[in-house]
Amino acid sequence: MAISNLLGSNLFNPVIIAIDDMACLKCPLLANVSPVHLVTIQSAIMMTGIAIVGLR
């Protein structure tokens, strides 16, 4: 159950952020994100991909 909670959170939160970014036309949210967070999102994507492959 902990794995599904982690995967669901890692997949659902970026969708909410993307929807919010599209809804706010005057102030794009992702334009204000620091490039330092690129490493964080890349590692989250890799870990999610590894977990999904491991479930198969």
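Residues numbered from 1 in each chain as written. Predicted model: local features only at pLDDT ≥ 70, side-chain atom pairs only at ≥ 80, totals over all residues. Heavy atoms only, no water.

**What about the state of the cysteines?**
According to the stated counting rule, one finds one disulfide in the structure shown. The partner cysteine of Cys24 in its disulfide is Cys27, sulfur to sulfur 2.3 Å. Between Cys24 and Cys27, the S-S torsion sits near 75°, and that sign places the bridge as right-handed. (Disulfide = S-S within 2.5 Å.)

**Structural notes on the environment of Asn10**
Within the secondary structure, Asn10 is located in helix α1 (residues 2-23). It is 9.7 Å that separates the C-alpha atoms of Asn10 and Met47, two residues lying 37 residues apart in sequence. (Helix = DSSP H or I, 4+ residues; strand = E, 2+ residues; numbered from the N terminus.)

**Looking at a nonpolar patch on the surface**
Where nonpolar side chains cluster on the molecular surface, the patch consists of Phe12, Val15, Ile16, Ile19 and Met22 and spans about 490 Å² of accessible area. Tracing the backbone through its elements, the reader meets Phe12 in helix α1. (Patch = residues over 30% accessible without salt bridge, like charges linked within 9 Å, V, L, I, M, F, W, Y side chains within 5 Å. Areas by Shrake-Rupley, 256 points an atom, 1.4 Å probe, with all protein chains shown as cover. Salt bridge = Lys/Arg side-chain N within 4 Å of Asp/Glu carboxyl O.)

**Focus: the side chain of Thr48**
Within the element layout of this structure, Thr48 appears in helix α2 (residues 37-55). Among residues more than four places away in sequence, those in contact with Thr48 are Leu7, Asn10 and Leu11. (Contact = heavy atoms within 4.5 Å.)

**Considering the side chain of Asp21**
Relative to the elements of secondary structure, Asp21 occurs in helix α1. No salt bridge is formed by the buried Asp21; the nearest opposite charge belongs to Lys26, separated by 14 Å. In this structure Asp21 touches Pro28, Leu29 and Leu30, once residues within four positions along its chain are discounted. (Buried < 20%, exposed > 50% of the residue type's maximum accessible area, 1.4 Å probe, protein only. Lys, Arg positive; Asp, Glu negative; His and termini not counted.)

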